[in-house]
Amino acid sequence: MSDLAAARARYVERIAKRERIISKRVLEALAAIPREDFLPRGPWRIKSEAARSYRLTPDGDPVHLYDNVLVAIDARRKLDTGLPSLWAHFIDLLDIKEKDRVVQIGCGLGYFSAVLSKIVGPKGRVIAIECDERLARRAASFLQTYHNVEVVHGDGCEEIREPADVIIIHAGFSHPHPLWLEALRPRGRLLVPLTQRDREGAALKITRKGRGFEAEAVQQIRIFPGHGRGTTALDDRVADWWQRASALAPLRFRGIEQGLPSDG
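Residues numbered from 1 in each chain as written. Predicted model: local features only at pLDDT ≥ 70, side-chain atom pairs only at ≥ 80, totals over all residues. Heavy atoms only, no water.

### What to know about the sheet that holds strand 3 (residues 69-74)
Strands sit in the order 2-1-3-4 across an open sheet of four strands; the sheet is antiparallel. Pairing within the sheet leaves two strands with one partner each, and these edge strands are strand 2 (55-56) and strand 4 (79-80). With two bridges connecting them, strand 1 (residues 45-48) and strand 2 associate as antiparallel partners. Bridged to Ile46 within strand 2 is Arg55. (Pairing = 2+ DSSP bridges. Helix = DSSP H or I, 4+ residues; strand = E, 2+ residues; numbered from the N terminus.)

### Some words on the pattern of salt bridges
If charged atoms from side chains of opposite charge come close, those side chains can pair. The tally for this structure, following the rule as stated, stands at 14 salt bridges. Here Arg101 ties to Glu162 by a salt bridge, and the two come within 3.4 Å at their closest N and O atoms. You can see Arg101 sitting in strand 5 (residues 101-105) and its partner Glu162 sitting in the loop between strand 7 (149-153) and strand 8 (164-169), a full 61 residues away along the chain. Of the residues examined, Glu162 reaches a relative accessible area of 37% and is grouped as partly exposed. For Arg125, the salt bridge is made with Glu150, and the minimal N-O distance between the two is 2.7 Å. Of the two residues, Arg125 sits in strand 6 (residues 125-130) while Glu150 sits in strand 7, which places them 25 residues apart along the sequence. Judged by relative accessible area, Glu150 falls into the partly exposed class, the value being 32%. The structure contains a network of salt bridges with shared partners spanning Arg101, Arg125, Glu150 and Glu162. (Salt bridge = Lys/Arg side-chain N within 4 Å of Asp/Glu carboxyl O. Buried < 20%, exposed > 50% of the residue type's maximum accessible area, 1.4 Å probe, protein only.)

This is the structure we're talking about:
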């Protein structure tokens, strides 16, 4: 086994152990997708979830990417990729199946779009929405061989045009946008970080059940705020879901701040 293959295997094993991931499809996708294909050439500026500053990798060997680290997309703007263990954990919780239609809002450079592509398979579909035009162009280039992925440059609060089995939001919002809730198919799942002005809050998993929705707080989080039209109108039902969901269970805290758009 090459050094890179061994590093990738350790990377998947560590994430699986840390997050207690049970989905074989998630682990197989993590093992199959080269992280270096969704980044500029190295050396890279990287940091662990606990670190406040970046360190530069010794060289451009992709082996340095196969750890649970953030990689700077734009260090000046503190714009980073998503933390692998965090988003793998969320994807596992969403129980994504083959043939599912997944909408990803804030796809960044597309690494987790590719992971999702592998999970849903050739008969599934991933709509990767990115509000940053430059990142959307780069993601589309990186994902051009993933034929079940469509990259859309646009506003994630406006661009969901078809029903979805799963919607994943890679930024913090004050409430779930009504469009996201309306777009969920029966038993559809939404993962959205609900945050306050200090960027701290909780990631909620919201499931469509019958005529209503069931909300579950799954993880405390600190994340860069999202942007989009129509994000200020918080109706009474959404406020009630947030209050009830926040009290559901004790939550672990991860002191991590991600740049937006994140590498989802």
